[in-house]
Amino acid sequence: MTHDPASLAPATLAVAAGRPPRVQGGPVNPPVVLSSTYVSQGVPGDELLYTRGGTETWGPFEETLAALEGGTHGVVLGSGMAAIAAALADVPPSGAVVVPRHAYQVTLGFLDDLARRHGVEVRRVDIADTDAVVAALDGADLLMAESPTNPMLEVADLPAVLAAARERGVRSVVDNTFATPLGQRPLELGADVVVHSVTKYLAGHSDVVLGAVVTNDDATAARIRAYRTLHGAIAGPMEVFLALRGLRTLHLRVERANANAAELARRLAAHPAVAEVRHPSLPSDPGHRRAAQQMTSFGAVLGLRPLGGLPAADALVDAVRLWVPATSLGGVESTLERRRRFATESPTVPEDLVRLSVGVEDVEDLWQDLAQALDRSQA
Ligand SMILES: *Cc1c(COP(=O)(O)O)cnc(C)c1O
């Protein structure tokens, strides 16, 4: 790209970054290279040698995501969990990690595994309670933050907790999967490292599992790349091709999904069969004021608790016709699930919490289906 990325708007970066050099007759898109090995008579250390160590298909995606996050390095890995494992790899044995008590359940499972095998102390906190987070940072090695959290949609005061971490020499990682770089840029709010499940909004079409790390720190980026090679946590070229193709329309998808989510949240809040709805767009939401300060849009995941508890929640999921009952989120299609159906979900997540991932369909069709399912859930 010939322009200075810092001067371009995110919508332009999503489209224009990571393109091949402009040459007459050259392709507009970066080529997908399907080769496990490269012709090389040189010494090991040649830039392209063997695909576990690097392939030219990664760079354009990494460059585009890094530009969107305002970071200097992007590193693509085989899944969101591979990205999180890489970002957490330097937590020392018997170290301490601060994490939201409501966070992605496999992230919590990963930390529990570190606790069992390496004596790592896992300090689970209410990430919305800034005093509690700051207190937990004393003597910690790393803050692994989510905001909004999965699945409870709690909003952290990111500038405050990231500054507190920095003051105490605690490294910070923010999982930005829910917000996307269009909704929130954690590096600018003070984070050392951003991780993504690219599987979700960035790729956006529920057809690929992929992860990424973004950072401004050269040494951290080198460490993550080394981790990727040593652990074989690499992304396949076809997956990266799909993810970059998805990224080109991120701004359009996120804009529509977020608008749909805000409208549905507003209608749900007024529906007689709804006990509680969580979405940071709602002025009544506990996270609204903070989200309005640190986010540029509120995301497209909703938390919903119907009146009638667990049976009503199950009946709601059974009654939808257009919405897809499925886990995961961030695809063009709207999905929903009751999170506690997983035995591994945190026991403080309410049994009747249904997590909705709002897609890019027509909002009236989404509402009609949800409203009829809510009515049937009360039978
Ligand atoms: C899905 C998800 C992950 C894990 O990503 P995978 O690509 O499934 O490995 C991590 N964090 C959050 C917030 C997620 O939603």
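Just so it is clear, the model here is predicted, and its values are computed rather than measured. (Residues numbered from 1 in each chain as written. Predicted model: local features only at pLDDT ≥ 70, side-chain atom pairs only at ≥ 80, totals over all residues. Heavy atoms only, no water.)

### What about the packing of helix H12 (residues 309–319) against helix H13 (residues 363–377)?
One way to put it is that H12 packs onto H13 with a least axis distance of 8 Å and a crossing angle of 140°. Considering their axes alone, H12 and H13 lie oblique with respect to each other. The way H12 lies across H13 gives a crossing that is right-handed. Here Ala-312, Ala-315, Leu-316 and Ala-319 of H12 come into contact with H13, specifically with Leu-370, Gln-372, Ala-373, Leu-374, Arg-376 and Ser-377. Partitioned by chemical class, the residues of the contact of H12 with H13 number 7 nonpolar, 2 polar and 1 charged. (Axes fitted to C-alpha atoms, helices over the stretch in contact; angles between N-to-C directions. Helix = DSSP H or I, 4+ residues; strand = E, 2+ residues; numbered from the N terminus. Parallel < 35°, antiparallel > 145°, perpendicular 65-115°, else oblique. Left-handed = near helix turned anticlockwise from the far one by under 90°. Contact = heavy atoms within 4.5 Å. Nonpolar A, V, L, I, M, F, W, Y, C, P; charged D, E, K, R; others polar.)

### Quick notes on the layout of surface pockets
The computed volume of the largest pocket comes to approximately 420 Å³. Looking at the largest pocket, it is lined by 28 residues, and the ones nearest its centre are Ala-66, Ala-67, Gly-70, Gly-71 and Arg-185. Secondary-structure elements contributing two or more residues to the lining of the largest pocket are helix H1 (10–16), helix H2 (58–69), strand S1 (73–77) and helix H7 (180–183). Per-element tally for the lining of the largest pocket: the top contributor is H2, with 5 residues. Broken down by class, the residue content of the lining of the largest pocket amounts to 13 nonpolar, 10 polar and 5 charged. In this model, the second largest pocket occupies a volume close to 340 Å³. Met-81, Tyr-104, Asn-150, Ser-197 and Lys-200 are, among the 24 residues lining the second largest pocket, the residues nearest its centre. Within the residue set of the lining of the second largest pocket, elements represented by two or more residues are helix H3 (80–87) and strand S6 (193–197). Split into classes, the residues belonging to the lining of the second largest pocket amount to 9 nonpolar, 10 polar and 5 charged. (1 Å grid on protein atoms, 1.4 Å probe; cavity = no way out; pocket = protein on both sides within 12 Å on 5 of 7 lines; lining within 4 Å. Points joined across faces, edges and corners; volume = space filled by probe spheres on them.)

### Concerning the domain arrangement of the chain
Per the domain assignment, the segments of the chain are domain 1 (7–247) and domain 2 (250–377). The C-alpha centroid of domain 2 is placed 26 Å from the C-alpha centroid of domain 1. In this complex, domain 1 contributes 39 residues to the contact, which on the side of domain 2 involves 35 residues. Across the interface of domain 1 and domain 2, roughly 3,000 Å² is buried in total on both sides, 57% from carbon and sulfur atoms. Among the residues domain 1 hides against domain 2, the three largest losses belong to Gln-105, Leu-153 and Tyr-201. Together they make up 24% of the total. Across the domain 1-domain 2 interface, the total number found is 0 salt bridges. Summed over the shared surface of domain 1 and domain 2, the number is 19 residue pairs in polar contact (both at pLDDT 80 or more). Elements with a contribution of two residues or more to the side of domain 1 that touches domain 2: H1, helix H6 (158–167), H7 and helix H9 (237–247). For the side of domain 1 that touches domain 2, the class distribution of residues is 23 nonpolar, 12 polar and 4 charged. (Domains from an automatic or database assignment. Buried area = accessible area lost by both parts, 1.4 Å probe. Salt bridge = Lys/Arg side-chain N within 4 Å of Asp/Glu carboxyl O. Polar contact = N/O pair within 3.5 Å; in protein donor to acceptor, adjacent residues only side chain to side chain.)

### What about the packing of H2 against H9?
H9 packs onto H2 with a crossing angle of 35° between their chain directions and a minimal axis gap of 9 Å. Crossing of H2 over H9 shows left-handed handedness. Contacts between H2 and H9 involve Trp-58, Pro-60, Phe-61, Thr-64, Leu-65 and Leu-68 from the former and Val-240, Ala-243, Leu-244 and Leu-247 from the latter. A per-class count over the contact of H2 with H9 returns 9 nonpolar, 1 polar and no charged.

### Here we look at the environment of Asp-192
Locating Asp-192 in the fold gives a position in the loop between H7 and S6. Its relative accessible area of 24% is what places Asp-192 among the partly exposed residues. A C-alpha to C-alpha distance of 8.7 Å links Asp-192 and Leu-162, two positions 30 residues apart in sequence. Beyond its immediate chain neighbours, meaning those up to four positions away, Asp-192 contacts Arg-166, Val-170, Arg-171, Ser-172, Leu-187, Val-214, Thr-215 and Asn-216. Only 2.5 Å separates the side chain of Asp-192 from the side chain of Arg-166, close enough to count as a polar contact. (Buried < 20%, exposed > 50% of the residue type's maximum accessible area, 1.4 Å probe, protein only.)

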